[in-house]
Structures are given as structure tokens and as C-alpha cells.
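Understanding the architecture of this molecule
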Amino acid sequence: MNYTLLFHGFLTILIGNLSGIGYSKAIRKVIANESAWKLMHSASVMGGIMLLAFAPFFNGLTADFNYAVYLLYSIIISNYCFAAGMLLAAFTGARGIDKKAPGSNNKIVYVFYYIAAILSLVYTMVFLFLIIKR
């Protein structure tokens, strides 16, 4: 499972680095939403680094945890949901902060962020439980 985290971590970093192209275009005013592209670029790279940081201790911490595979995929899905929401927000200008804001793009971004936030909360609590249990 460590290599799965490493793979998705580096893939997320690649996504973040490629979104730097959009950020550089937004800085030069070629495309809109400079702050959204900045967020996409920096947060995706940070999300990938987070997965790389989880990789060394994941197998040891979850060795006797029956639901380790669910924990693994909740981390990965959360990371990709944040990235997908930020990418859609950068392309469309949707914020995704308020589910009642107008526009279908806003609702889609909101759902991506909501899923990612719930999964993040769950896997963080599970990690804390596993650490305390040791």
C-alpha cells in the first residue's frame, strides 16, 4: 500500500505542476481566475506531498487494522476530489463554497469539496485512533 500512496502522490504532484501552466497564463492575463489557478497549483502539489508523507508509516500503522484498504482509498479519493473541484473551479470561476449559490458548476465544485472534506475528516480520525491505540 505504500507504493500506491507514492504513485498517487507523485501523480497528484504532476497534476499540480501541470496546473502551473494555467497559473502562469492567468498571471499574464491570458486566462481568468488567477487566484483559483494559484490554489489549484499549490494545493495539488501539497496534496501530493501529503500522500508521500503518509507512505512510509502507512503499512506499519495499519498492519492489524482490518479496514486498511478502505483507509487507503479514502485518502486517495479525498485527494483527487479536492484536485477535481479546484480544477473545475479554476476553469469555470465557480467557488463551490455555498451549495445554494447559482450555477451547476458551483454545485459540482461544492460536491467535490464536500466529499473530500468528509473523507479527510474520517481518515484523520482513524489515523488518530490508530496512533492512540498503539
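Details of the structure are given in the entry above.
**Considerations on the overall build of the chain**
When its secondary structure is counted, the chain shows 4 helices and 0 strands. Ordered by position from the N terminus, the helices and strands of the chain form the series α-α-α-α. With the C-alpha coordinates of the chain rotated into their principal frame, the extents come out at 50 × 30 × 20 Å. The buried share of the chain, taken over its 134 residues, is 38%. Partitioning the contacts of the chain with sequence separation of at least 6, the portion at a separation of at least 24 is 70%.

**A few points about the pattern of salt bridges**
Using the criterion set out here, one finds 1 salt bridge in the structure. Among the ionic pairs, Lys29 bridges to Glu34, the shortest N-O distance being 3.3 Å. What makes Lys29 exposed here is its relative accessible area of 62%.

**Thoughts on unusual backbone geometry**
The residue Lys29 is not glycine, and still its phi comes out positive at about 65°. Within the secondary structure, Lys29 is located in the loop between α1 (2-27) and α2 (34-61).

Here is what the cut-offs are and how they apply
- Residues numbered from 1 in each chain as written.
- Predicted model: local features only at pLDDT ≥ 70, side-chain atom pairs only at ≥ 80, totals over all residues.
- Heavy atoms only, no water.
- Helix = DSSP H or I, 4+ residues; strand = E, 2+ residues; numbered from the N terminus.
- Buried < 20%, exposed > 50% of the residue type's maximum accessible area, 1.4 Å probe, protein only.
- Contact = heavy atoms within 4.5 Å.
- Salt bridge = Lys/Arg side-chain N within 4 Å of Asp/Glu carboxyl O.

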